[in-house]
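Topology and contacts: notes
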Amino acid sequence: MISALLLAAAVSAASPNQCLLCHPDVRVLFDRSRHHAEEVTCTACHGGNAQALTVEGAHSGNFRGIPKRRDIPALCSTCHSNVEKMRPYNLPTDQFALYQTSRHGQLLAKGDERVAVCIDCHGSHEILPPEDPRSSTYVRNIPATCGKCHGDAKLMAPYALQANASTEFAAGVHGKLLLEKGNLAAPHCTRCHGGHGATPPGVGDVDKICGQCHATTRTYFLQGPHKAAMDQAGLPECAACHDRHDNRPADVGMLDKVCLNCHAADSAQAKLSLQMKTAYSRASEEIDQAHALVQKAAAIPLYVEDYQARLEEARTALLESLPVMHSLNLASVESLTGRGRSIAREVESELNGKLQGRK
């Protein structure tokens, strides 16, 4: 009897969280979580007495057991909306308020418990910080985390949503940058839709969302006729040409294809797209030709560093013409592509003169 009491006292002194003695499966997950590292105990979420040595004592008082899904966001907010508790970690305290404005939060408030709550994205006992590659909210893991629900056709059916967003994202230019090339600056689900305040962007808001990264392109898009026309037609701006999740790369090859989705092949708009594509393609070809000549001269060897620098200037002018195309201003596009061609011709002329002189 005395030995049992001594053992109980030793266990109690060793750990303030006795819940894990009866829940070892949870302990495996909880021990590696951020909450455990910050000495958060089970009772912060489940209530009860974490120091009790009996089930009756542990499940006494304010014990709530497994929280109901509809109560989880408010429960998490008891700490995460507390300025004093979050200040040492420099964490925002407005996330519950944002969640309530989201599509998830709005539907939950109406009693729909199928929508995502905190634990669906962050986990429950195994919560890890977003900078940890093992975390469900680590940048490269976010598409898979969102895909757990948004890739479930049965779950998406009542909301008339397709269940292919995550697979389309993986096939798009943004997905390849993030998932294949490991570019953590590439957009992902929450960069476009928001995190705790996640909501589908409205038709007239798409350019604002895309403009967070593509600021220059948006500036020219707003200057052109497409903005007003697309809003009037109910088209989702950037996504109307570049798609939503399966984003197409910014390539001039799409000009004479995508434009024909709305404009007839013999229309003035189709003619304009072909003129812009031609201006770009010709400049690109001449820059490539000049580059090949520079490589030939370097192999002799001749001093070519100056020519290489000038061709970089030509390529920059060419790249600058891509966002300008969104303004549909042919003169501006031709000005930039013409500059690229002019530099390429100068380089070719000078190098040909030097090579002819050597002969």
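Just so you know, these numbers come straight off a predicted model, no measurement behind them.

The next thing to look at is unusual backbone geometry. A cis amide bond, omega 5 degrees, links Ile300 with the succeeding residue Pro301. Along the chain, Pro301 falls in the loop between helix H22 (268-298) and helix H23 (305-324).

Attention now moves to the pattern of salt bridges. Pairs can form between side chains of opposite charge whenever their charged atoms are close. Scanning the entire structure with this criterion turns up 21 salt bridges. Of the charged contacts in the structure, one is a salt bridge between Arg134 and Asp132, with a shortest N-O distance of 2.9 Å. Relative accessible area serves as the criterion here: at 57%, Arg134 is assigned to the exposed category. With a relative accessible area of 15%, Asp132 lands in the buried category. Connected via shared salt-bridge partners are Asp207, Arg218, Lys227, Asp231 and Glu237.

This part covers helix H12 (residues 142-150). Within the span of H12, buried status applies to Ile142, Pro143, Thr145 and Gly147. Residues of H12 that are buried make contact with helix H11 (118-122), helix H14 (165-171), helix H15 (173-180) and helix H16 (189-193).

Right, let's get into the side chain of Ser77. Here Ser77 shows up in helix H7 (residues 72-80). A polar atom in the side chain of Ser77 sits 2.6 Å from the backbone oxygen of Ala74. Apart from residues lying up to four places away in sequence, Ser77 is in contact with Asn82 and Phe96.

This paragraph deals with the environment of Gly194. Tracing the backbone through its elements, the reader meets Gly194 in the loop between H16 and helix H17 (206-211). The class for Gly194 is partly exposed, based on a relative accessible area of 27%. Each C-alpha atom of the pair Gly194 and Val28 lies 32 Å from the other, and the pair is 166 residues apart in sequence.

By size, the foremost hydrophobic cluster in this structure holds 27 residues, and its most contacted members are Met276, Val294, Met325, Val347 and Leu351. Residue contributions to this core peak at nine residues, all from H22. Not counting chain neighbours up to four residues away, the residues in contact with Met276 comprise Leu255, Met325, Leu328, Leu330 and Val333.

This prediction gives the chain a mean pLDDT of 91; 95% of its residues lie at or above 70. For residues 1-14, every residue scores under 50 in pLDDT, and the model assigns this stretch five contacts once sequence neighbours within four places are set aside.

Looking at H7, one finds that the buried residues are Ile72, Pro73, Leu75 and Ser77. Among the structural elements, helix H5 (43-46), helix H9 (95-101), helix H10 (103-109) and H11 are those in contact with the buried residues of H7.

All right, on to the packing of H23 against helix H24 (residues 330-358) then. For any two helices packed against each other, the geometry is given by the interaxial angle and the distance between the axes. Running from N to C, H23 and H24 point in directions that differ by 160 degrees, and their axes come no closer than 8 Å. With respect to H24, the element H23 is oriented roughly antiparallel. For H23 against H24, the interelement crossing comes out left-handed.

This part covers the state of the cysteines. Applying the stated rule across the entire model yields zero disulfides. Counting only cysteine sulfurs, Cys210 is the nearest neighbor of Cys192, a cysteine outside any disulfide, at a range of 6.4 Å. For Cys259, which is in no disulfide, the shortest distance to another cysteine sulfur is to Cys241 and amounts to 6.7 Å. Classification of Cys259 as partly exposed rests on a relative accessible area of 21%.

Calculation rules
Residues numbered from 1 in each chain as written. Predicted model: local features only at pLDDT ≥ 70, side-chain atom pairs only at ≥ 80, totals over all residues. Heavy atoms only, no water. Helix = DSSP H or I, 4+ residues; strand = E, 2+ residues; numbered from the N terminus. Salt bridge = Lys/Arg side-chain N within 4 Å of Asp/Glu carboxyl O. Buried < 20%, exposed > 50% of the residue type's maximum accessible area, 1.4 Å probe, protein only. Contact = heavy atoms within 4.5 Å. Polar contact = N/O pair within 3.5 Å; in protein donor to acceptor, adjacent residues only side chain to side chain. Core = buried A, V, L, I, M, F, W, Y, C linked by side-chain atoms within 4.5 Å. pLDDT = per-residue confidence, 0-100. Axes fitted to C-alpha atoms, helices over the stretch in contact; angles between N-to-C directions. Parallel < 35°, antiparallel > 145°, perpendicular 65-115°, else oblique. Left-handed = near helix turned anticlockwise from the far one by under 90°. Disulfide = S-S within 2.5 Å.

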